[in-house]
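Results of the structural survey
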Amino acid sequence: MARPAEPGPGPRRTCIGCRRVRPPAELTRFVRSDDRSLQIGRTLAGRGAWLCQGSTECFERAARQGGLRPGLPGPGRGVGARRPARRTP
Ligand SMILES: [Zn+2]
C-alpha cells in the first residue's frame, strides 16, 4: 500500500526560470492579482507563472528575462518603479 510518489503521467509545468518541466507539486505558482501584489497559489485565478519551489535563482532569472509580467516585484529590481504605463493616444 505504501506507494512512493512516482512521477506518473500527469500535468507538467515549465519553470519560467530554468525551463525545466516538472510536476506542479515541485513548483510554485505565482499569480499577480489586481492590486499588483504577488500571490502564491496553485488554484488562484489569473495569470500565473511557475517557478521551482524555493529557488531564488529561478526567480531572479525569470525576472531578468522578463518572464514575469511587468509589475511583478523582483528581488532588487522593480522596487519603486511604479510608473503608470499609460499612454494617451
Ligand atoms: Zn527552475
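To keep things clear, this report deals only with the structure shown in the data block. (Residues numbered from 1 in each chain as written. Predicted model: local features only at pLDDT ≥ 70, side-chain atom pairs only at ≥ 80, totals over all residues.)

All right, on to the environment of R29 then. The residue R29 is located in strand β3 (residues 27-32) in this model. As a C-alpha pair, R29 and L44 span 15 residues in sequence and 8.8 Å in three-dimensional space. Excluding residues that lie within four positions of it along the chain, R29 makes contacts with I40, G41, R42, G48 and W50. (Helix = DSSP H or I, 4+ residues; strand = E, 2+ residues; numbered from the N terminus. Contact = placed C-beta atoms within 7 Å.)

On to the environment of G46, then. Mapped onto the elements of the fold, G46 is located in the loop between β4 (38-40) and β5 (48-52). Note on G46: 12 C-beta atoms within 10 Å, which makes it exposed. Between the C-alpha atoms of G46 and D34, which are 12 residues apart in sequence, the distance is 8.9 Å. The contact partners of G46, leaving out residues within four places of it in the chain, are V31, R32 and S33. (Buried ≥ 20, exposed ≤ 12 C-beta atoms within 10 Å, placed from the backbone.)

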